[in-house]
Amino acid sequence: MTDPDLTQLISGQLPRREFVRRALASGVSFSAVGALLAACGKGSSKDGPAVAELGPIEKQLNLYLWSDYLADDTLSNFEKEFGVRVTLDTYESNEEMAAKLLAGAAGYDLVLPSSYLFPVLFAGDLLAPLDRRHLPNWTNVAPLFVDPAWDPGNAHSAPWGWGLTGIAYRSDLVRPAPESWSVFLDQNYRGKMTMLDDLRDVIGSFLRHRGHSLNSTDPAQLEVAKQDAIAAKRNLKAYLSAPVKGQLIAGDVWIAQMWSGDAAQAITEQSAIKFVVPREGSMIFVDALVMPRSAPHKRAAHEFINYVLRPEVAAAISDQTGYATANQAAADLTKIKVPYPTDEELALLEYQTDLGREAERWDRIWTEIKAA
Ligand code: N2P
């Protein structure tokens, strides 16, 4: 990317998507690109074209979702009922997914970002508005998730569920129970611990450990978080997200930074696994389905959203994944009640927010941690 690119973008001579393509090709991180677009006043897609009329349902649907976020029969039942073939690609972090979309990956009909990513997706002009006329089951959405700050009027998204980041551990092998992020600095567990392969979770947890916001952009605070993360890295077996479950169940990993639902999935197979929110506090997230502008099967995408908004479909997803549903009607049907955070825990939880231009600093620090 060159300065003339930026000038052309501002004057409207360079389309947003071409700007994004060039910026990423020249090594600028996706979040920094989002910040640049937002700063140039190109940050809103709410002025986009009105919702186009959708034709008949297509025969194909391409999903790009977080791994382990569906019930076994969610897709096969949809395929059978609607006569649509579904393909599923998965990702392990918001950053992995956003980099792919911003780099121009086309062909996906629905993706499932966390709320903090919305400013970047809007800035990249990546999202198509949803047509509520094709979502009669919308009324099942819990009031808490209606009209969120990150997507006013839910114009571009349908809430899926929410969860927390915490520590999953083998209570039969680890004593005393971990209660602080500092457990990852404990050499006694060297080689038996993992942290999420996610810069927001790793750096964020060490920021909380030192009493700071997990959205901090303060260089001095971030420097200390980096040093802590590097010290912890010496004790880690790996950075591994959802796929660590098998190792925790097998006992190869004893302590893992983990998302609540994935921990719940592991607990169903090994009851000695426990999940704790560290005393310094942690992150809470909401994930929501969005439809890229480039989605080739927009009617099928709407039918799928409407399908997962059915109480019984959303309940089955919540039961199997351990994530709390954003569907009010489904919450009454779930067999496994996902425990809502206690008031004490809630006071310690923080939503991740977009880092703006400082995302670049975070990216640099993460690269340094990974290279250390
Ligand atoms: C699903 C993980 C989703 C949680 N496996 C991260 N937002």
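See above for the structure.
Caption draft 1: Spatial organisation of the pattern of salt bridges. Evaluated as defined, the whole model comprises 15 salt bridges. Note that Arg208 is salt-bridged to Glu350, the shortest N-O span being 2.6 Å. Taken together, the residues Arg208 in helix α7 (residues 199–209) and Glu350 in strand β13 (residues 349–351) connect sequence positions 142 residues apart. The same class applies to Arg208 as to Glu350, namely buried. With its nearest N and O atoms 3.1 Å apart, the salt bridge here joins Glu303 to Arg299. Here Glu303 pairs with Arg299, and both are found in helix α11 (residues 298–308), just four residues apart, close to one helical turn. Under the relative-accessibility criterion, Glu303 is labelled buried at 14%. Connected via shared salt-bridge partners are Glu53, Asp131 and Arg133.

Caption draft 2: Here's a closer look at α7. Counting buried positions over the 11 residues of α7 gives 10, a clear majority of the element. Regarding α7, the residues found buried are Leu199, Arg200, Asp201, Val202, Ile203, Gly204, Ser205, Phe206, Leu207 and Arg208. Its side-chain oxygen at 3.0 Å from the backbone nitrogen of Arg200, Asp198 defines the N-terminal cap of α7. Once α7 ends, the next one or two residues include Gly211, with phi positive near 85°.

Caption draft 3: A look at the site of the ligand. Within the structure, the ligand sits among Trp66, Ser67, Asp68, Tyr69, Ser114, Trp259, Asp262, Phe285, Asp287 and Tyr323. Asp262 places a polar side-chain atom, nitrogen or oxygen, 2.9 Å from a nitrogen atom of the ligand. Within the contact set of the ligand, a nitrogen atom lies 2.9 Å away from a side-chain nitrogen or oxygen of Asp287. The protein chains hide 98% of the 260 Å² of surface that the ligand would expose on its own. Partitioning the shell around the ligand into residue classes produces five nonpolar, two polar and three charged.

Caption draft 4: Structural context of the environment of Leu240. Within the element layout of this structure, Leu240 appears in the loop between β7 (236–239) and α9 (245–250). When the C-alpha atoms of Leu240 and Asp197 are compared, they prove to be 5.0 Å apart, with 43 residues separating the residues in sequence. Setting aside residues no more than four positions away along its own chain, Leu240 makes contact with Met195, Leu196, Asp197 and Gln247.

Caption draft 5: Quick look at the environment of Glu53. Mapped onto the fold, Glu53 is located in the loop between α3 (30–39) and β1 (60–66). Under the relative-accessibility criterion, Glu53 is labelled exposed at 62%. Taking the C-alpha atoms as reference points, Glu53 and Asp131, 78 residues apart in sequence, are found 8.6 Å from one another. Reaching out from Glu53, the side chain makes a polar contact with the side chain of Arg133 at a distance of 3.3 Å.

Caption draft 6: Local environment of the sheet that holds strand β3 (residues 110–111). Overall, parallel pairing links the three strands, which are arranged β2-β1-β3 in an open sheet. Both outer strands of the open sheet, β2 (85–91) and β3, are each paired with one neighbouring strand and no more. Two elements, β1 and β3, share two bridges in a ladder whose sense is parallel. Bridge pairing in β3 places Tyr64 opposite Val111.

Caption draft 7: Representation of unusual backbone geometry in the model. Pro176 follows Arg175 through a cis peptide bond whose omega is -5°. Within the secondary structure layout, Pro176 lies in the loop between β5 (158–170) and β6 (193–195). Phi is positive for Asp68, close to 50°, though the residue is something other than glycine. The topology assignment puts Asp68 in the loop between β1 and α4 (74–82). For Asp68, a relative accessible area of 37% translates into the label partly exposed.

Quick notes on the rules
- Residues numbered from 1 in each chain as written.
- Predicted model: local features only at pLDDT ≥ 70, side-chain atom pairs only at ≥ 80, totals over all residues.
- Heavy atoms only, no water.
- Salt bridge = Lys/Arg side-chain N within 4 Å of Asp/Glu carboxyl O.
- Helix = DSSP H or I, 4+ residues; strand = E, 2+ residues; numbered from the N terminus.
- Buried < 20%, exposed > 50% of the residue type's maximum accessible area, 1.4 Å probe, protein only.
- Polar contact = N/O pair within 3.5 Å; in protein donor to acceptor, adjacent residues only side chain to side chain.
- Near = heavy atom within 4 Å.
- Areas by Shrake-Rupley, 256 points an atom, 1.4 Å probe, with all protein chains shown as cover.
- Nonpolar A, V, L, I, M, F, W, Y, C, P; charged D, E, K, R; others polar.
- Contact = heavy atoms within 4.5 Å.
- Pairing = 2+ DSSP bridges.

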